[in-house]
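Next come the chains, spelled out residue by residue.
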Amino acid sequence: MQEKLDVCQGNEVRCVYITGAGKGFSAGQDLTEVAGPDNAGFNVILSEHYNPIITRIRKLEKPVVAAVNGVAAGAGANIALCCDIVVAAQSASFIQAFSKIGLVPDSGGTFIVPRLIGWQKASALMMLGTKVSAEEAERIGMIYQFFPDDTFSENSMTIAKYLAQMPTIGLAYTKLLLNNSLFTHLEEQLQDENIFQQRAAQTEDHKEGVRAFIEKRKPFFRGE
C-alpha cells in the first residue's frame, strides 16, 4: 500500500480511492505475524508498515476517500479514519479491538479518533472495544456518510470522481491547513490561511472558476 500511495503522488492522479478487496475493509494486523520469537515484532510492523501509511495519506497532496465496504478493525479502522473523507456501507462497522488482547490503539488511533468524536467517546470505544455501526459512526461524526449496501460502490465512487474534477491544488492547500490546525493556535492558523489563500488565488483553477462563474458555465479545472 505504501508503494501505491507513492505512485498516487504523481500529477496524473487527482483523487485516491481506498476500499477493501473482499467482504471486509480490513481486519487489522494478523497476529500470527507478530507472535513468536522469530516473527517481526510490533516495532517493525508499526515503524515500517502502518505508520508510514498514515503519514503518506496525511501528506499526500490529493484528497483521499476511504470507502469502508465491511468490517474495519484495529489498525484497519484507523487507516480508514485518517483519510480525508470516510464513507461506509450500511452493513460496515468499526471497532477498536486492541483492548481485547491487551494492546493499545495504534496507527494514529489515539490521535485521530478523539479529534473526530471527542475524548470521552473515544476513550470508551477504545477501552470497551465496542463495535460501531456505520449509522452510528455517521451520527457521532466518525465518518462523513453511510450508504445502503446496494448503492454503496456507486455513491462512494461518485464522491471520488467529483473530487477528481475539482481544483486539486486548492484541495491540497485545504488538507495542509487542516493538518496544521491540529498543532497551531488561532493566530497562527489565520496567518496560514492568509498565505495559502494568496497562493490559491494565483492558480489557473481559481482564475477558471471565476471566469466560469461570470460566464455562467461549468468550470473545467486542470489542477494547475
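What comes next concerns the included structure. (Residues numbered from 1 in each chain as written. Predicted model: local features only at pLDDT ≥ 70, side-chain atom pairs only at ≥ 80, totals over all residues. Heavy atoms only, no water.)

**Observations concerning the overall build of the protein chain**
In step 1: Within the protein chain one finds 10 helices and seven strands.
In step 2: Since a compact globule built from 224 residues should have a radius of gyration of about 17 Å, the 19 Å found for the protein chain is in line with a globular shape.
In step 3: When the backbone C-alpha atoms are referred to their principal axes, the protein chain occupies close to 65 × 40 × 35 Å.
In step 4: The contacts of the protein chain with a sequence gap of at least 6 include a subset with a gap of at least 24, amounting to 63%.
In step 5: For the protein chain, the accessible area works out to roughly 12,900 Å², and carbon and sulfur atoms hold 57% of it. (Helix = DSSP H or I, 4+ residues; strand = E, 2+ residues; numbered from the N terminus. Rg over C-alpha atoms; globule rule 2.2 N^0.38 Å. Contact = heavy atoms within 4.5 Å. Areas by Shrake-Rupley, 256 points an atom, 1.4 Å probe, with all protein chains shown as cover.)

**Digging into empty space enclosed by the protein**
Regions of empty space are outlined by a rolling probe, equal in size to a water molecule, passed over the atoms.
In step 1: Counted by the stated rule, this structure contains one cavity of 30 Å³ or more.
In step 2: Along its surface, the largest cavity is lined by Ala 77, Leu 81, Phe 94, Ile 95, Gln 96, Leu 125, Thr 130, Val 132 and Met 142.
In step 3: Put simply, the parts of the chain that give the lining of the largest cavity at least two residues each are helix H3 (75–81) and strand S5 (93–95). (1 Å grid on protein atoms, 1.4 Å probe; cavity = no way out; pocket = protein on both sides within 12 Å on 5 of 7 lines; lining within 4 Å. Points joined across faces, edges and corners; volume = space filled by probe spheres on them.)

**Observations regarding the sheet that holds strand S3 (residues 71–73)**
In step 1: Taking strand neighbours across the sheet as the criterion, the three strands line up as S3-S5-S6 in an open arrangement whose pairing is mixed. Both outer strands of the open sheet, S3 and strand S6 (131–133), are each paired with one neighbouring strand and no more. Pairwise comparison of adjacent strand axes, ignoring direction, gives a mean angle of 20 degrees for this sheet.
In step 2: The pairing of S5 with S6 spans three bridges and is classified as antiparallel. Paired with Ser 93 across the two strands is Ser 133, which belongs to S6. (Pairing = 2+ DSSP bridges. Axes fitted to C-alpha atoms, helices over the stretch in contact; angles between N-to-C directions.)

**What to know about the environment of Lys 121**
In step 1: Position of Lys 121 relative to the elements: it lies in helix H5 (residues 119–128).
In step 2: On the accessibility criterion, Lys 121 (33% relative accessible area) is partly exposed.
In step 3: Among all residues touching Lys 121, those that are not within four sequence positions of it are Glu 136 and Ile 140. (Buried < 20%, exposed > 50% of the residue type's maximum accessible area, 1.4 Å probe, protein only.)

**What to know about the nonpolar core**
In step 1: Judged by nonpolar contacts, the single largest core of 50 residues is most densely connected at Val 16, Ile 57, Val 68, Phe 94, Met 142 and Ile 143.
In step 2: When residues in this core are grouped by element, the largest group, six residues, is from helix H2 (residues 42–59).
In step 3: Those residues in contact with Ile 57 that sit more than four places away from it in its chain are Met 1, Leu 5, Ile 18, Val 64, Ile 79, Cys 82, Cys 83 and Lys 175. (Core = buried A, V, L, I, M, F, W, Y, C linked by side-chain atoms within 4.5 Å.)

**Side note on the layout of surface pockets**
In step 1: There is about 710 Å³ of room inside the largest pocket.
In step 2: In terms of lining, the largest pocket is formed by 31 residues, of which the most central are Arg 58, Cys 82, Cys 83, Asp 84 and Asn 179.
In step 3: For the lining of the largest pocket, the elements supplying multiple residues, two or more each, are H2, strand S4 (85–89), helix H4 (109–117) and helix H8 (168–181).
In step 4: Here the residues of the lining of the largest pocket are counted per class, giving 17 nonpolar, eight polar and six charged. (Nonpolar A, V, L, I, M, F, W, Y, C, P; charged D, E, K, R; others polar.)

**Topic: unusual backbone geometry**
In step 1: For Ser 107, which is not glycine, the phi torsion reads 55 degrees and is therefore positive.
In step 2: Position of Ser 107 among the secondary structure elements: in the loop between S5 and H4.
In step 3: For Ser 107, a relative accessible area of 1% puts it in the buried group.
In step 4: The backbone of Lys 216 sits at a positive phi, close to 55 degrees, despite the residue not being glycine.
In step 5: Tracing the chain through its elements places Lys 216 in the segment after helix H10 (204–215).

**Some words on H4**
In step 1: All of the buried residues along H4 are Gly 109, Ile 112, Val 113 and Ile 117. One side of H4 holds all its buried residues, which, seen down the axis, span an arc of 95 degrees.
In step 2: On its buried face, H4 is in contact with H3 and H5.
In step 3: In the segment just after H4, Gly 118 is the residue with positive phi, at about 100 degrees. (Arc of directions from axis to C-beta.)

**Some words on the sheet that holds S4**
In step 1: An order of S1-S2-S4-S7 is seen for the four strands of this open sheet, with the pairing classed as parallel. With one partner strand each, in any of the chains shown, strand S1 (16–19) and strand S7 (145–147) form the two edges of the open sheet. Mean inter-strand twist for the sheet, computed between neighbouring axes without regard to direction, equals 25 degrees.
In step 2: Against the sheet, helix H7 (residues 149–164) contacts S1, strand S2 (64–68), S4 and S7, and its axis sits at roughly 165 degrees relative to S4.

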